[in-house]
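For reference, the chains in residue letters:
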Amino acid sequence: MSAADVDVENVSAANRSYYEAMERGDFEEVAGLWLAPADLGVDEEYHDPADTGVVSCVHPGWPVLTGRGEVLRSYALIMANTDYIQFFLTDVHVSVTGNTALVSCTENILSGGPAPEEGEELGPLVGQLVVATNVFRRTPEGWKLWSHHASPVLATADDEEDDEDGDQGVGPDDGTLA
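Residues numbered from 1 in each chain as written. Predicted model: local features only at pLDDT ≥ 70, side-chain atom pairs only at ≥ 80, totals over all residues. Heavy atoms only, no water.

**Brief notes about the overall build of the protein**
The following threshold applies: For the purposes of this entry, the term helix denotes a DSSP run of H or I that reaches at least four residues, the term strand denotes a run of E that reaches at least two, and both are numbered from the N terminus. The buried label applies to any residue whose accessible area, calculated with a 1.4 Å probe on protein chains only, is under 20% of its type's maximum; exposed applies above 50%, and partly exposed to all values in between. Any two residues whose heavy atoms approach within 4.5 Å at even a single point are treated as in contact.
Helix and strand counts for the protein stand at four helices and six strands. Mapped from its N terminus to its C terminus, the protein presents α and β elements in the order α-α-β-β-α-β-β-β-β-α. Looking at the protein as a whole, 29% of its 178 residues qualify as buried. Sequence-distant contacts, at least 24 apart, represent 51% of the contacts inside the protein between residues at least 6 apart.

Shown next, in the form of structure tokens:
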């Protein structure tokens, strides 16, 4: 296996680790997967960490978050308010150039919030389709997330017309009377 293939495999593994840690609600692991100034050899006592290796994150519908503290607070908030989340990744593409890697994918998300009443396991499950770009940077400790940007996939014009007409794809060629 070539060095390039090994890099792609390692980045793919880091990307999977990120989503698996989210599914488990493991904040410490998620935090450990994000780039920190120490990963870049920066001594935070003598350098402003905001000037070096600034991480960024955009969750669907959120403004851009910059800086490790702000990004990690967002994950703590999400984990505190999500009882169940599962990611089914599709369309995963990995590209590595030097010490930077780009992963694009589709996140097919199934999530549930708190139970509406005592004794129930989960609130209603909701599905969501999101496209994501994850940027990783090579560090001595392995590949770390540098940026995550996720955007919801909006319904197409055809989907909206079907919903408004109520036929959801049923047309005159299906043998029914119009």
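Still more to cover.
**What about the confidence of the model for the protein?**
Cut-off, in case you're wondering: Each residue gets a pLDDT score, which is the predictor's confidence in that residue and runs from 0 to 100.
Residues with a pLDDT of 70 or more make up 74% of the protein, whose mean pLDDT is 83. Per-element mean pLDDT across the protein ranges from 55 in helix α4 (residues 157-165) up to 97 in helix α2 (residues 27-33). Here residues 166-178 is modelled with pLDDT under 50, and outside its nearest four sequence neighbours on either side it reaches five contacts, counting other chains as well.

**Brief notes about a nonpolar patch on the surface**
Applicable threshold: Patch membership requires more than 30% relative accessible area and the absence of a salt bridge. Residues of like charge join within 9 Å; the nonpolar side chains Val, Leu, Ile, Met, Phe, Trp and Tyr join within 5 Å. Residue-level accessible areas treat just the shown protein chains as cover; the underlying method is Shrake-Rupley with a 1.4 Å probe. Whenever a carboxyl oxygen of Asp or Glu lies within 4 Å of a side-chain nitrogen of Lys or Arg, that contact is scored as a salt bridge.
Residues Leu 129, Val 131 and Val 153 make up a contiguous nonpolar surface patch of about 210 Å² in total accessible area. Residue position: Val 153 is located in the loop between β6 (142-152) and α4.

**Structural notes on the pairing of strand β3 (residues 84-97)**
The test is simple: Whether two strands pair comes down to DSSP finding at least two bridges between them.
Two elements, β3 and strand β4 (residues 100-112), share twelve bridges in a ladder whose sense is antiparallel. Within β4, the residue paired with Ile 85 across the bridge is Ser 111.

**What to know about the environment of Gly 41**
As for its position among the elements, Gly 41 is in the loop between α2 and β1 (56-58). Judged by relative accessible area, Gly 41 falls into the exposed class, the value being 66%. Residues Gly 41 and Thr 139 lie 98 residues apart in sequence; the distance between their C-alpha atoms is 9.2 Å.

**Focus: the pairing of β4**
Two successive antiparallel strands, β3 and β4, enclose a turn made up of two residues, where Gly 98 displays a positive phi of approximately 60 degrees. Examined bridge by bridge, β4 and strand β5 (residues 125-139) share 13 bridges and lie antiparallel to one another. Bridge pairing in β5 links Ser 104 to Thr 133.

**A word on the sheet that holds β4**
What counts here: To obtain an axis, a line is fitted to C-alpha atoms, over the contacting stretch when the element is a helix, and the angle between two such axes runs from 0 to 180 degrees between their N-to-C directions.
Strand order in the open sheet made by the six strands is β2-β1-β6-β5-β4-β3, with mixed pairing throughout. Every interior strand has two partners, whereas the edge strands, β2 (65-66) and β3, have only one. Where helix α1 (residues 3-24) meets the sheet, its contacts fall on β3, β4, β5 and β6, and the angle it forms with β3 comes to roughly 160 degrees.

**Describing the nonpolar core**
Among soluble globular proteins, nonpolar side chains are generally buried collectively. Quick reminder of the rule: Residues enter a nonpolar core if they are buried and are Ala, Val, Leu, Ile, Met, Phe, Trp, Tyr or Cys, with the set joined through side-chain atoms within 4.5 Å.
Tyr 18, Met 22, Val 30, Trp 34, Val 71, Tyr 75 and Phe 136 are the most contacted members of the largest nonpolar core, which totals 31 residues. Secondary-structure elements contributing two or more residues to this core are α1, α2, α3 (68-80), β3, β4, β5 and β6. With six residues, the single largest contributor to this core is α1. Those residues within four positions of Met 22 in sequence are excluded, and the remaining contacts are Val 30, Tyr 75, Ile 78, Met 79, Ile 85 and Phe 87.

**Some details on the pattern of salt bridges**
This structure, assessed with the given rule, holds three salt bridges. Put simply, Arg 24 and Glu 29 hold a salt bridge, and the shortest N to O gap is 2.3 Å. For Glu 29, a relative accessible area of 27% puts it in the partly exposed group. Residue Lys 144 is joined to Asp 39 by a salt bridge in which the shortest nitrogen-to-oxygen separation is 3.3 Å. Placement of the pair is Lys 144 in strand β6 and Asp 39 in the loop between α2 and β1, with a sequence separation of 105 residues.

**Some words on α1**
We count it as follows: The length a helix should cover is 1.5 Å for every residue beyond the first.
When the terminal C-alpha atoms of α1 are compared, their 31 Å separation across 22 residues agrees well with the 32 Å that a helix rising 1.5 Å per residue should span. Among the residues of α1, Asp 7, Val 11, Ser 12, Ala 14, Asn 15, Tyr 18, Tyr 19, Ala 21 and Met 22 are the ones counted as buried. Residues of α1 that are buried make contact with α2, α3, β3, β4, β5 and β6. One or two steps after α1, the chain reaches Gly 25, where phi turns positive at roughly 70 degrees.

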